[in-house]
Amino acid sequence: MSLSQTFKKSLAVAVLALAPALANANDNVLTVYTYDSFTSDWGPGPQVEKAFEAECGCDLQWVATEDAVGLLSRLRLEGSNSKADIVLGLDQNLISRAKNTELFIESATDLSKLSLPNGWSDTTFVPFDYGHFAFVYDSSKTTPPTSLKSLVEDADVSIVIQDPRTSSPGLGLLLWVKSVYGDQAGEAWEKLSKKIVTTTKGWSEAYGMFLEGEADMVLSYTTSPAYHMEAEGEFKYKSAPFSEGHYEQIEVAAKLKNAPNPALADQFLNFMVSDKFQSIIPTTNWMLPVAAAGELPAAFAKDKIHYPETSLSISSEDVAKNNSDWVDEWLEAVSQ
Amino acid sequence: MRIFYNNSKFGSDTILLLISIGILITILGTAFFHLALQAESYNFFDVLQSRYIKRVLVFTLWQAALSTGLSLLFAIPLARFFYYHNFPGKRIILTYFGLCLVMPVIVAILGIIQVHGNSGYIVWMMRSLGIETKGYLYGLFGILLAHVFFNTPLAVRSLLSRLNDIPQEQWRSAIQLNFTPWQRFRLVELPALRSALPGLAALIFMLCFTSFAIILSLGGGPKATTLEVAIYQALHFDFDMARAVTLSGLQLAICAILSFILVRFGKQSETEISYQTGQESILKFLQNKSWMARLFGWVSLALILLLVFPPLFSVIAKALYHFEWNYLSKPALLNAGLISLGISLSAGSLSILLAVSLCLGLRHIQNRSIRSFVETIGALILVFSPFALATGLFIVLSNYASLDQIGPFLVILINALMSLPFALRILIPAFQQRFQETQPLCISMGIQGWTRFRMIDFSLLRKPIGLAMAYATTLSIGDFGIIALFGSQDFSTLPLYIYRAIGSYRLHEASFAALILILTCYLLFIILERLIGGPKGQTQ
């Protein structure tokens, strides 16, 4: 076979392989940008897609980035050329930063049905689920500390956490430590850093490492044990209740100003707070629904997973204002 | 100033050279120009003054220097050992070393974690022996382990090929003069190694300096951050173009200066990846008699085998042990496999097209400055941050099409560029050597242009071209940098698939996909090398 034949052949293979990635120019399409794990086979993506497509008679297409923070960068990179109608998967801490891009527009969604513990007032960003950060451990192997202070000060455990610059749980822990330690957060991080096996880019890597036994505890959610109970019948994983309270995460979605298909986008945001969508969330995204969604699965019962009494939170404006200082403080402390 | 060799002149080869250099400079220039335009304000000084960046810079240099030093420290005695001794399994080990070079990073990382991680075999053994340990992998140690894993095999093969090139006459003289082992090393081997060491050290240093996936997975957090990781963070998360441009410039400048210094030390490096098999004949008489050298050789061999074999075995064993038929029925896996093949074959072809065009023109050039200018551009592509390149190009192209449409082409283009330095390392010396032999004939018979390439060059050079194509393609199939930036649900390659499977704690499936990736990679290598290179031994 001559060189040119070989080359033509490989080119043909390439074009064939790329064809599916290129063929999606359609009018009746709703494009939703979200993070990777939302769209995976076991995540909410496939069920949400099926349910919404049946309702709208349209084609819902997911575009997934690695993580929530990456979503925002991608939108800024694409600017007004973006084909996204909806961005789904930012959290309340990122709202101010997202608003600064001026890429989003107010929604017309009816928020009265929402039943969040601390209420909700933002009209651009619509919540779709919430939860509390917590350290998850294997109760057959580890005795967990009972407070964040005890984790920092004296507990003899190894932990895996996520980078606050790249992951929303990572940012959550940064703010959790900030709300407990205030100005002493830097010193707290210095102490904590001795217990950190590794800091990963995203939640899923960290959780995978924990399950492989690379560390005693992992930063995740109070609802994570429910996954193991429901999906695997495994009861040894628990989240450690901390006496200071747990930092809250509310995941949100919003419509883009330049959405190619604004009507479908409105329809989707309404669908998002409906029973249908909300009932998919608990057993796929393993978070709590933001609106009444019928009966919760058994593993979500009050005696099965921990529901924190104190819900910690720092306002989105404060986060946006101080974010880079706090991240620098963290960087300084953990790279000693 | 003479540009061409005596018997060469401006012709179609030169036009090809100019076009391909033009393409390269346009791509690299456009990317950085548009990235720079995006920056809101420039505070180069501020960026460089930041304590964090200083620390990142120091760490980047430190880990790269250590990795280079350690890789060479292992490689020199090993190369000598392989040169002097024949033992069962030598060929297999050397072949495996060749494959280490193209082993997808994500597979190696998976294997290294399975062996060395906090729940890996070694920690398990230590604990069963009663040694309490919290594990040792994450941090500088893990980074060095992975860098030595990738670079020692490369260095051994490259140094061995230099030793094999030592002319028989020198050995005859050495025997006649009754050299001691130390004299043999200093007077015969060292000059041969010295011509290779600076170029080799520069290559390994650059590879470690720009390391990305290894640092992210095994570095253990912000303490271990390289400039490349900082560029990725600036672009992907902070959207800080000014910072990304500054850091990319810094990375480029440091690597350019260092490689310039290193290459000045020795003569121009020739080829790091040998396509010739050395002659052995009379050397059997020279088997190294010193038991010290022998012991040292065996110990290095044992150590390196313990380092490079178990991770791959572990990945394969886990994949086979936990195999489930339903892994095969997943369309996502098949899809990722096909896209991987398409991307890597296109990137490999594009890379070879560029490399061959450059080499065809370059062989006529006698002027040293022009030659080293072209060679430097070729080599320095290695230290252009692929993320900065991709983002810059995306900004230009986003006015014409969406990310989904451009993504695949950018992935192909950047991968082709990133494998170009490797292709050039194989092709430049090969083209040069054949040129000296065939030029008089071609001049006297008036053969030129396409006819010359088809009838003369390709038939003589198909072996190195095949090898270069095999390397360029398999390096692209293992890429896990650019694809992380442009991948989506429908556009995923095998490395990205593995990464996602690890991420969603489907580790058995990840091992299985890793097995598929290794098999694809190695089969592709062999097929391409044979298909283009012709049957074994045809041209050598």
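Residues numbered from 1 in each chain as written. Chains lettered and ligands numbered in written order. Predicted model: local features only at pLDDT ≥ 70, side-chain atom pairs only at ≥ 80, totals over all residues. Heavy atoms only, no water.

Caption draft 1: Summary view of the overall build of chain A. Assigned secondary structure in chain A consists of 13 helices and 12 strands. Taking 2.2 N^0.38 as the reference for a compact globule, 336 residues should give roughly 20 Å; the C-alpha atoms of chain A span a radius of gyration of 21 Å, in line with that estimate. The C-alpha extent of chain A, read off along each of the three principal axes, is 65 × 60 × 45 Å. Considering chain A as a whole, with its 336 residues, one finds that 61% of them fall into the buried category. Within chain A, counting contacts between residues at least 6 apart in sequence, those at least 24 apart form 77% of the total. A total accessible area of about 12900 Å² is found for chain A, and carbon and sulfur atoms account for 49% of it. (Helix = DSSP H or I, 4+ residues; strand = E, 2+ residues; numbered from the N terminus. Rg over C-alpha atoms; globule rule 2.2 N^0.38 Å. Buried < 20%, exposed > 50% of the residue type's maximum accessible area, 1.4 Å probe, protein only. Contact = heavy atoms within 4.5 Å. Areas by Shrake-Rupley, 256 points an atom, 1.4 Å probe, with all protein chains shown as cover.)

Caption draft 2: Seen up close, the overall build of chain B. Counting its secondary structure elements, chain B contains 21 helices and 0 strands. Its C-alpha atoms give chain B a radius of gyration of 24 Å, near enough to 24 Å, the size a compact globule of 540 residues would have. Its C-alpha atoms give chain B principal-axis dimensions of about 60 × 60 × 55 Å. For chain B, buried positions account for 60% of its 540 residues. Contacts in chain B between residues at least 24 apart in sequence constitute 82% of all its contacts with a sequence separation of at least 6. Element-wise, carbon and sulfur atoms account for 67% of the exposed surface of chain B, whose accessible area totals about 22200 Å². Once the 38 positive and 22 negative side-chain charges of chain B are each reduced to a mean point, those two points are 10 Å apart. (Lys, Arg positive; Asp, Glu negative; His and termini not counted. Charge placed at Lys NZ, Arg CZ, Asp CG, Glu CD.)

Caption draft 3: How the structure looks around the state of the cysteines. Enumeration according to the criterion identifies 1 disulfide over all chains in this entry. Each sulfur of the disulfide joining Cys56(A) and Cys58(A) lies 2.0 Å from the other. Since a negative S-S torsion denotes a left-handed disulfide, the Cys56(A)-Cys58(A) link at about -75° is left-handed. By the burial criterion, Cys56(A) is buried, and Cys58(A) matches it. This cysteine, Cys255(B), is not joined by any disulfide, and Cys208(B) carries the nearest cysteine sulfur, 11 Å off. Summary of cysteine pairing: Cys442(B) is not part of a disulfide, and the nearest cysteine sulfur, belonging to Cys359(B), is at 16 Å. (Disulfide = S-S within 2.5 Å.)

Caption draft 4: Main features of the interface of chain B and chain A. Opposite the 62 residues of chain B that make contact, chain A presents 56 residues. A combined buried area of about 5400 Å² lies between chain B and chain A, and 59% of that area is made up of carbon and sulfur atoms. Counting every contact that joins chain B to chain A gives 2 salt bridges. Notably, a salt bridge pairs Arg55(B) with Glu332(A), separated by 3.5 Å at the nearest N-O pair. For the interface between chain B and chain A, the tally reads 10 residue pairs in polar contact (both at pLDDT 80 or more). The set of elements that each furnish at least two residues to the side of chain B that touches chain A consists of helix H3 (51-84), helix H11 (227-238), helix H14 (331-362), helix H16 (386-397), helix H17 (403-445), helix H18 (449-477), helix H20 (494-503) and helix H21 (507-533) of chain B. With 9 residues, H14(B) is the single largest residue contributor to the side of chain B that touches chain A. Counted by class, the side of chain B that touches chain A contains 33 nonpolar, 20 polar and 9 charged residues. (Buried area = accessible area lost by both parts, 1.4 Å probe. Salt bridge = Lys/Arg side-chain N within 4 Å of Asp/Glu carboxyl O. Polar contact = N/O pair within 3.5 Å; in protein donor to acceptor, adjacent residues only side chain to side chain. Nonpolar A, V, L, I, M, F, W, Y, C, P; charged D, E, K, R; others polar.)

Caption draft 5: Seen up close, the pairing of strand E3 (residues 86-91) of chain A. Residues and elements named next belong to chain A. With 6 of 6 residues buried, E3 lies mostly within the body of the structure. Two elements, strand E1 (residues 29-35) and E3, share 2 bridges in a ladder whose sense is parallel. In the strand pairing of E3, Val32 is matched with Ile86. Relative to strand E10 (residues 246-256), E3 is paired through 5 bridges, and the arrangement is antiparallel. When the sheet's bridge partners are listed, Val87 is paired in E10 with Ala254. (Pairing = 2+ DSSP bridges.)

Caption draft 6: Quick peek at the side chain of Ser167(A). Residue and element names in this part refer to chain A. By secondary structure assignment, the location of Ser167 is in the loop between strand E6 (159-162) and helix H7 (168-181). Overall, Ser167 belongs to the buried group, its relative accessible area being 2%. Contacts of Ser167, omitting those with residues within four sequence positions, involve Val69, Gln162, Lys201, Gly202 and Trp203.

Caption draft 7: View of the nonpolar core. In terms of nonpolar packing, the biggest core is built from 293 residues, with Phe104(A), Trp176(A), Trp189(A) and Phe268(A) touching the most fellow members. Here this core takes 18 residues from H17(B), the largest share from any one element. Trp176(A) has contacts with Phe133(A), Ala134(A), Phe135(A), Leu148(A), Leu219(A), Phe242(A), Gly245(A), His246(A), Tyr247(A) and Leu312(A), leaving out every residue within four places of it along the chain. (Core = buried A, V, L, I, M, F, W, Y, C linked by side-chain atoms within 4.5 Å.)

Caption draft 8: Highlighting unusual backbone geometry. Of note, the phi angle at Glu102(A) is positive, near 55°, even though the residue is not glycine. Take Glu102(A): it is sitting in the loop between helix H5 (95-100) and strand E4 (104-105). In this structure, Asn178(B) is a non-glycine residue whose phi angle is positive, near 55°. When you line up the elements, Asn178(B) lands in the loop between helix H8 (168-176) and helix H9 (181-209).

Caption draft 9: Structural detail: the packing of H17(B) against H18(B). Residue and element names in this part refer to chain B. In the contact formed by H17 and H18, the axes pass within 9 Å of each other and the chain directions differ by 160°. In this view, H17 runs roughly antiparallel relative to H18, as classed from their interaxial angle. Judged by the twist between their axes, the crossing of H17 over H18 is right-handed. Among the residues forming the contact of H17 with H18, the class breakdown is 19 nonpolar, 5 polar and 2 charged. (Axes fitted to C-alpha atoms, helices over the stretch in contact; angles between N-to-C directions. Parallel < 35°, antiparallel > 145°, perpendicular 65-115°, else oblique. Left-handed = near helix turned anticlockwise from the far one by under 90°.)

Caption draft 10: Here's a closer look at the confidence of the model for chain A. Per-residue pLDDT for chain A averages 87, and the proportion of residues at 70 or more is 92%. The low-confidence segment residues 6-11 of chain A, where pLDDT is below 50, has 9 contacts with residues more than four positions distant or belonging to other chains. (pLDDT = per-residue confidence, 0-100.)

Caption draft 11: Quick look at empty space enclosed by the protein. What the rule picks out here adds up to 8 cavities of 30 Å³ or more. Taken as a whole, the largest cavity holds about 800 Å³ of empty space. Lining the largest cavity are 33 residues, and of these Val105(B), Leu207(B), Thr210(B), Leu475(B) and Asp479(B) sit closest to its centre. Of all the secondary-structure elements, those providing two or more residues to the lining of the largest cavity are helix H4 (90-102), helix H7 (140-164), H9, helix H10 (213-218), H16, H17 and H18 of chain B. For the lining of the largest cavity, the element with the highest residue contribution is H17(B), accounting for 5 residues. In this structure, the second largest cavity spans a volume of roughly 260 Å³. Along the wall of the second largest cavity there are 23 residues; nearest its centre are Arg74(A), His236(B), Ala484(B), Leu485(B) and Phe486(B). Elements represented by at least two residues in the lining of the second largest cavity include exactly strand E2 (59-65) and helix H4 (68-78) of chain A together with H11, H16, helix H19 (482-486) and H20 of chain B. (1 Å grid on protein atoms, 1.4 Å probe; cavity = no way out; pocket = protein on both sides within 12 Å on 5 of 7 lines; lining within 4 Å. Points joined across faces, edges and corners; volume = space filled by probe spheres on them.)

Caption draft 12: Summary view of the confidence of the model for chain B. Residue and element names in this part refer to chain B. For chain B, the average pLDDT comes to 84, and 92% of its residues sit at 70 or higher. Ranking the elements of chain B by mean pLDDT puts helix H2 (residues 44-49) last, at 74, and H14 first, at 93. Counting interchain partners and residues more than four positions distant, the pLDDT-below-50 stretch residues 268-272 has 19 contacts. Counted against residues more than four places away or in other chains, residues 274-278, with its pLDDT under 50, gives 12 contacts. Two numbers describe this predicted complex: its pTM, 0.84, and its ipTM, 0.75.

Caption draft 13: Broad picture of the packing of aromatic side chains. Inspection of every chain in the model, using the stated rule, returns 42 aromatic pairs over all chains. Plain terms: the ring middles of Phe81(B) and Trp298(B) are 4.9 Å apart, the flat faces sit at 75° to each other, and that makes the pair edge-to-face. Of this pair, Phe81(B) sits in helix H3 while Trp298(B) sits in helix H13 (residues 291-321); the two residues are 217 residues apart in sequence, bridging distant segments of the chain. Since its relative accessible area comes to 3%, Phe81(B) is described here as buried. Put simply, the rings of Tyr35(A), Phe38(A), Phe52(A), Trp62(A), Phe128(A), Phe268(A), Phe271(A) and Phe277(A) pair up and form one aromatic cluster. Note that Lys302(A) overlies the ring of Tyr307(A), its terminal NZ or CZ placed 4.3 Å from the centroid. (Phe/Tyr/Trp six-rings, centres within 6.5 Å; stacked < 30°, edge-to-face > 60°. Lys NZ or Arg CZ within 6 Å of the ring centre and 35° of its normal.)

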